[in-house]
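Close look at the chain arrangement
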Amino acid sequence: MELYLFDDGVADAWHPFSLTRPCGELLFGAMLLRERLERYAGRSATATLTRDWLSDYSEAGAPPALPRGTDLSGRDRLILLTRAVPDADARFPAEPGRPRAIRVGETVAGCFLPAGEPGPALEWLLNPSGELDGIPDVEEMQLSGELLPAPWDLIERNPARLAADLHAPGEPIRSALPEGVHVLGSGSVVLVEGVRLEPGVLLDVREGGIRLEEGVEVRTGTRLQGPLWAGPGSRLLGGSFAAVAAGPCCYLQGEVEASVALGYANKAHAGFLGHSYLGKWVNLGALTTTSDLKNNYGPVRAGGPDGVLETGLLKLGCLLGDHARTAIGTLLNTGTVVGAGTNLFGDGLPPKWVAPFSWGFGDSAGVYDRERFLAVAERVMARRDVSCEGKARAWLASCWEAGTTSPDPK
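Keep in mind the model is a prediction, meaning the values are calculated, not measured.

**Things to note about the environment of Ser 73**
Tracing the chain through its elements places Ser 73 in the loop between strand E5 (65-67) and strand E6 (77-81). Here Ser 73 is in contact with Ala 115, Gly 116, Glu 117 and Pro 118, once residues within four sequence places are set aside. Within the local environment of Ser 73, its side chain forms a polar contact with the side chain of Asp 71, the two groups lying 2.9 Å apart.

**Side note on the sheet that holds strand E16 (residues 210-212)**
Sheet strands line up and pair through hydrogen bonds in the backbone, either parallel or antiparallel. The strand order across the open sheet built from 9 strands is E13-E16-E19-E21-E23-E26-E31-E34-E36, with neighbouring strands paired in parallel fashion. A single partner strand is all that each edge strand has here, and the edge strands are strand E13 (189-191) and strand E36 (353-354). Sheet topology places strand E23 (residues 260-261) next to strand E26 (residues 277-278); 2 bridges connect them, and they run parallel. The residue of E26 that forms the bridge with Ala 261 is Leu 278.

**Remarks on the pattern of salt bridges**
This model, assessed by the stated rule, comprises 28 salt bridges. Notably, a salt bridge pairs Arg 370 with Glu 371, separated by 3.1 Å at the nearest N-O pair. Here the salt bridges do not stand alone but share partners, grouping Arg 370, Glu 371, Glu 378, Arg 393 and Glu 401 into one network.

**Re the nonpolar core**
Side chains of a nonpolar character, in soluble globular proteins, are inclined to be buried together. Of all hydrophobic cores here, the largest spans 36 residues; its most connected members are Leu 197, Leu 212, Leu 224 and Leu 320. Looking at this core, the elements with two or more residues in it are E13, E16, strand E19 (228-230), strand E20 (235-242), strand E22 (251-257) and strand E31 (318-320). If you look at the next biggest cluster of nonpolar residues, it comprises 32 residues, including Ala 41, Phe 92, Ile 135 and Leu 147.

**Observations concerning the packing of aromatic side chains**
Considering all chains together, one arrives at 10 aromatic pairs under this definition. When the centroid spacing of 5.5 Å and the interplanar angle of 80 degrees are considered together, the rings of Phe 345 and Trp 359 count as edge-to-face. With Phe 345 in the loop between strand E35 (343-344) and E36 and Trp 359 in the loop between E36 and helix H6 (370-382), the pair connects residues that are 14 residues apart, well separated along the chain. Owing to a relative accessible area of 25%, Trp 359 belongs among the partly exposed residues under this scheme. An aromatic cluster of at least three residues, connected via ring pairs, comprises Phe 345, Phe 357, Trp 359, Tyr 368 and Phe 373. Arg 372 extends its terminal NZ or CZ atom over the ring of Trp 359, reaching a point 4.8 Å from the ring centre. Geometry around Tyr 251 places Arg 384 over its ring, the cationic atom sitting 3.9 Å from the centre.

**Some remarks on the pairing of E22**
Looking at chain direction, E20 and E22 are connected through 6 bridges and run parallel. Pairing of Leu 236 across the sheet is with Leu 252, part of E22. Here E22 runs beside strand E24 (residues 266-267); their pairing, made up of 2 bridges, is parallel. Bridging across to E24, Tyr 251 finds its partner in Asn 266. One ladder, built from 3 bridges, connects E22 with strand E25 (residues 272-274); its direction is parallel.

**Remarks on the layout of surface pockets**
Taken as a whole, the largest pocket encloses approximately 530 Å³ of empty space. What lines the largest pocket is a set of 29 residues, among which Glu 59, Ala 60, Pro 248, Tyr 264 and Lys 280 lie closest to the centre. Taken together, the elements giving at least two residues each to the lining of the largest pocket come down to strand E3 (31-32), helix H2 (33-41) and helix H7 (391-405). In terms of residue class, the lining of the largest pocket is built from 17 nonpolar, 5 polar and 7 charged. Counted as a void, the second largest pocket has a volume near 270 Å³.

Basis of the calculations
Residues numbered from 1 in each chain as written. Predicted model: local features only at pLDDT ≥ 70, side-chain atom pairs only at ≥ 80, totals over all residues. Heavy atoms only, no water. Helix = DSSP H or I, 4+ residues; strand = E, 2+ residues; numbered from the N terminus. Contact = heavy atoms within 4.5 Å. Polar contact = N/O pair within 3.5 Å; in protein donor to acceptor, adjacent residues only side chain to side chain. Pairing = 2+ DSSP bridges. Salt bridge = Lys/Arg side-chain N within 4 Å of Asp/Glu carboxyl O. Core = buried A, V, L, I, M, F, W, Y, C linked by side-chain atoms within 4.5 Å. Buried < 20%, exposed > 50% of the residue type's maximum accessible area, 1.4 Å probe, protein only. Phe/Tyr/Trp six-rings, centres within 6.5 Å; stacked < 30°, edge-to-face > 60°. Lys NZ or Arg CZ within 6 Å of the ring centre and 35° of its normal. 1 Å grid on protein atoms, 1.4 Å probe; cavity = no way out; pocket = protein on both sides within 12 Å on 5 of 7 lines; lining within 4 Å. Points joined across faces, edges and corners; volume = space filled by probe spheres on them. Nonpolar A, V, L, I, M, F, W, Y, C, P; charged D, E, K, R; others polar.

Now the structure itself:
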């Protein structure tokens with residue numbers, strides 16, 4: 001049996017991230033959404049069925065991306081929705097037998113099809129249902145877990161998911177701590193090999209555990225409040241961090257609260273980042289600051305290509321797509337969504353929605369030239385020993401084409 005993941009029509013509208021990556025490659029808690037589905041299936045994903053322009057998608061450790069119309073009928077296949085989040089102990093049956101439609105609650109979030117059975121059709125992948133064309137007597141089964149309706153749910157639900165990921169049953173784990181590092185509370189502290197904590201670091205685990213992966217560096221004057229997870233090679237350079245999930249090689253400083261950095265983010269200077277999500281390779285200029293609470297304490301509305309969207313959330317900062325950058329001193333209002341590849345500068349507050357590959361905003365607005373964008377991406381990635389050549393360059397070029405030819409590419 002092979003595992004395939006798929007983005008549906010709802011995932012297609014997960015701006016700003018759906019332009020540049022399959023949605024299974026987004027961080028939720030201390031794991032990617034894909035990794036949670038792989039744990040449920042008991043195997044690695046063969047590929048993700050997603051938007052056509054992502055056919056050159058290429059990142060280390062990730063499966064390839066295939067167009068949603070790809071014929072898979074020659075093999076037993078388990079097909080799962082990238083927005084589905086299985087419970088930690090949920091497992092797919094080892095011998096599934098007949099065709100199955102898989103539901104999370106009342107919503108269809110996948111299927112199992114034996115070799116020789118057709119489908120699923122493109123229409124089904126965009127809008128899954130219990131009806132699988134040409135297959136009679138489909139059995140239904142439940143997947144215990146949750147579905148994420150919108151990209152800001154990756155922020156709002158992240159602290160609870162992170163706390164569950166870092167919970168140590170029984171006696172909490174407590175790694176040996178260097179001299180001069182202080183701990184508040186009795187929660188778990190896991191320091192993987194190669195973690196470096198300087199004297200004067202405070203770890204607060206009264207509300208959740210802390211796990212620092214291989215090679216993480218935490219400098220003097222840093223306060224970490226759990227639940228908190230930092231991926232391999234990340235650097236926490238001073239300031240206050242609470243309920244944060246940071247993927248690999250993130251350099252962070254300042255005040256960061258209830259936020260997610262997917263990986264290779266650079267926020268190495270002061271500034272507040274609250275209830276926000278940073279895609280890969282985001283660079284926040286010094287003193288870039290987000291607002292995550294309206295002055296009237298009302299629900300936040302988020303930006304989108306078709307206008308503002310009601311989130312129902314009291315707190316929501318910003319969502320920045322892959323390779324977005326801000327100028328020094330940039331101020332971001334509640335619910336600001338910045339498209340991938342944008343170089344954000346200009347006078348005043350940026351609008352709630354900044355289209356992908358924008359060059360500035362307001363009177364400074366233009367389109368970021370493709371070759372200049374690719375050249376800068378290549379230089380930035382090389383600084384962290386990551387190649388932007390061949391297929392990776394073709395992937396980013398395809399994203400540029402998709403993002404600049406339509407405000408809402410499908």
